[in-house]
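Listed below, chain by chain, are the residues.
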Amino acid sequence: MAATESAFEYAIEVEHLVTHYGARKILDDINFSVRQGEIMVIMGGSGSGKSTLLRHLLGLHRPTSGSIRLLGHDITQLSADQMYDLRKNMGVAFQGGALFNSMTVGENVELPLREHTRLDDNTIRIMSRMKLEVVNLAGFEDLMPAELSGGMIKRAALARAIVMDPRLLFFDEPSAGLDPVVSAELDELILTLRDAMNMTIVVVTHELESAFKIADRITVLDQGRILMSDTAAAVRASDHPRIRALLDRTPRSDAVDADAYLERLTREIFRA
């Protein structure tokens with residue numbers, strides 16, 4: 001299944017993706033691609049559809065229509081067993097870390113190796129400790145998640161995500177809840193992983209400083225549609241009003257007609 005993956009220029013290709021929740025359209029004709037070895041940042045305001053898009057990229061939900069190709073495979077057409085095999089090439093660092101509180105840090109990092117390989121215990125321990133060294137957590141393998149700071153939890157979750165040397169790495173809001181110094185350290189770690197391990201990385205974030213620091217390209221979502229997918233420099237220079245509002249942190253200026261609102265409110269009250 002993975003024999004020809006290196007021949008593909010694009011690690012991720014999304015074409016005409018449409019998603020509904022009931023009658024409501026959440027994603028509307030989404031098209032973008034991510035080159036192998038590239039960092040793509042997906043950003044947008046609350047309710048823009050970026051979290052839904054991430055769930056589709058992970059194969060957690062099937063879209064209404066369209067295709068999603070990961071490493072040359074259209075995941076909308078894969079069976080459950082085929083998707084299980086493909087996920088061995090994917091790592092995910094969740095927003096809250098999602099560490100198992102009943103396991104030590106080392107046991108959390110070892111878990112994918114124990115679930116998906118037949119390696120002996122000693123090899124598993126060595127591999128997990130090597131990944132903890134990569135994220136600057138060497139010597140913390142015997143601690144419990146409750147004994148870690150927020151930044152350490154993020155890094156432990158990252159060690160678990162990369163323990164099987166995945167081709168694709170997904171981050172959901174990596175800087176959420178972190179102070180600026182720890183956030184900057186995590187940004188540097190993401191760049192190091194891309195360069196040292198040649199990973200293709202997708203980051204969903206609303207943190208502008210982090211996005212422009214790490215991104216090769218940025219895809220901007222708004223109300224379920226892509227406003228722009230281009231280099232970080234091109235996005236920063238965009239004069240699109242919705243993108244400028246996002247970058248300049250300008251509140252939406254949708255005008256509210258007070259008389260019309262009062263009339264509609266009164267009508268609804270009497271109807272009830």
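Check the entry above for the structure.
These numbers come from a predicted model, not from an experiment.

(A) Unusual backbone geometry, seen in detail. Here the phi dihedral of Asp29 falls at roughly 55°; this positive angle occurs in a residue that is not glycine. Considering the arrangement of structural elements, one finds Asp29 in strand E2 (residues 24-35). The exposure class assigned to Asp29 is partly exposed, which follows from its relative accessible area of 33%. One non-glycine residue, Glu173, lies in positive phi territory at about 50°. With respect to the secondary-structure elements, Glu173 resides in the loop between strand E7 (168-172) and helix H6 (180-197).

(B) Main features of the pairing of strand E1 (residues 10-21). Pairing of E1 with E2, which is carried by eight bridges, proceeds in the antiparallel orientation. Note that in E2 the partner of Tyr10 across the bridge is Arg35. Linking two consecutive strands that pair antiparallel, namely E1 and E2, is a turn of two residues; a positive phi of about 70° is found at Gly22 within it. Looking at chain direction, E1 and strand E4 (residues 65-70) are connected through five bridges and run antiparallel.

(C) Just the pairing of E7, in detail. Of all five residues making up E7, five are buried, and the element is well covered by its neighbours. Across the two faces of E7 the burial is the same, with Leu168, Phe170 and Asp172 and Leu169 and Phe171 all buried. As paired strands, strand E6 (residues 90-93) and E7 are joined by four bridges and run parallel to one another. Counterpart to Ala93 in the pairing with E7 is Phe171. The pairing of E7 with strand E8 (residues 200-204) spans five bridges and is classified as parallel. Bridging across to E8, Phe171 finds its partner in Val203. Handedness of the crossover joining E7 and E8 through H6: right-handed.

Cut-offs used in this document
- Residues numbered from 1 in each chain as written.
- Predicted model: local features only at pLDDT ≥ 70, side-chain atom pairs only at ≥ 80, totals over all residues.
- Heavy atoms only, no water.
- Helix = DSSP H or I, 4+ residues; strand = E, 2+ residues; numbered from the N terminus.
- Buried < 20%, exposed > 50% of the residue type's maximum accessible area, 1.4 Å probe, protein only.
- Pairing = 2+ DSSP bridges.
- Right-handed = clockwise from strand over helix to strand, strands pointing away.

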